[in-house]
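Examination of the molecular architecture
Letter by letter, the chains look like this.
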Amino acid sequence: RFARLMASLARGAARLCAARGPGARTRPSAATRSFSVTPPSRRPTPATRAFSAAPPSLTKRYALLYDYCDDVLEKRAPHRAGHVGLIREMHAAGEVFAGGAFDNPVDGAIIVFNTQEAAERFLANDPYATSVVTDAKIREWTTLDF
């Protein structure tokens, strides 16, 4: 049985090489393989075998927390373009990680910055800070990057 199997494999390999022509690769291409090969860069290492997944990395960020006045939805309209424009500008520069208002009720917001300096600069220049914000504070926040 084993001899027949080996002979059959040899005939198949010979047919494959003959079909490809002279100078062709002797190994089948990835398209003709019936199994997958894990590239060396993705093979488990002794360090990663001990865990089912690599532990997440920690990143220090800074959360600007706003408390809004009671009638924020009415008062914010004339200042909204400047507020959103400043966020977009700082996001494009890589200084803003994420942000948004709390909902039901709309009584505050959180904007997360990559540096404390960026959060302080935003607070000093944000039109909302002098129009609809009743309290603001910057908190250091450590995020997990999965």
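What this report covers is the structure whose coordinates are included nearby. Keep in mind that what you see is a predicted model, and the values were worked out from it rather than measured. (Residues numbered from 1 in each chain as written. Predicted model: local features only at pLDDT ≥ 70, side-chain atom pairs only at ≥ 80, totals over all residues. Heavy atoms only, no water.)

1. Comments concerning the overall build of the protein
Here is the rule we go by: Starting at the N terminus, helices and strands are each numbered in turn, a helix being any DSSP run of H or I of at least four residues and a strand any DSSP run of E of at least two. Each residue's exposure class comes from its accessible area (1.4 Å probe, protein chains only) as a fraction of the maximum for that residue type: buried when under 20%, exposed when over 50%, partly exposed otherwise. Only heavy atoms enter the contact rule, under which two residues are in contact if any of them lie within 4.5 Å. Throughout, the Shrake-Rupley method with a 1.4 Å probe supplies accessible areas, and for residues the shown protein chains are the sole cover considered.
Tallying secondary structure elements over the protein gives five helices and four strands in all. N-terminal to C-terminal, the α/β element order of the protein is α-α-β-α-α-β-β-α-β. The buried share among the 146 residues of the protein stands at 17%. At a minimum sequence separation of 6, the contacts of the protein that also span at least 24 residues come to 71%. Surface summary for the protein: the accessible area is close to 10,700 Å², and the carbon and sulfur share equals 56%.

2. So, the pairing of strand S2 (residues 96-101)
Going by this rule: Pairing between strands is defined by DSSP: at least two bridges between the two strands are required.
Bridge analysis of S2 against strand S3 (residues 108-113) gives five bridges, and the strand direction is antiparallel. Following the sheet pairing, Gly99 is matched in S3 by Ile111.

3. Concerning the layout of surface pockets
Let me state the cut-off plainly: The pocket and cavity definitions rest on a 1 Å grid over protein atoms only: a 1.4 Å probe that fits but cannot leave marks a cavity, an open set with protein on both sides within 12 Å along at least five of seven lines marks a pocket, and residues lining either have an atom within 4 Å of a point. Grid points are joined across faces, edges and corners, and a volume is the space filled by probe spheres set on the points. Gly falls in the polar group here, along with every residue not listed as nonpolar (Ala, Val, Leu, Ile, Met, Phe, Trp, Tyr, Cys, Pro) or charged (Asp, Glu, Lys, Arg).
As a volume, the largest pocket reaches approximately 230 Å³. Lining of the largest pocket is provided by 16 residues; of these, His83, Ile87, Gly99, Gly100 and Ala101 occupy positions nearest its centre. Secondary structure elements with two or more residues in the lining of the largest pocket: helix H4 (77-92), S2 and S3. Per-class residue counts for the lining of the largest pocket are nine nonpolar, four polar and three charged.

4. Overview of the sheet that holds strand S4 (residues 133-145)
Worth spelling out the cut-off: Working convention: axes come from line fits to C-alpha atoms, limited for helices to the stretch in contact. Angles between N-to-C directions cover 0 to 180 degrees.
One open sheet holds the four strands; their spatial order is S2-S3-S1-S4, and the pairing between them is antiparallel. A strand with exactly one partner marks an edge of an open sheet, and here the two such strands are S2 and S4. Between one strand and the next, the sheet's axes are offset by a mean angle of 15 degrees, whatever the strand orientation. Sitting on the sheet, helix H5 (residues 116-125) is in contact with strand S1 (57-68), S3 and S4, with an inclination near 15 degrees to S1.

Worth remembering: the numbers are spatial, not functional.
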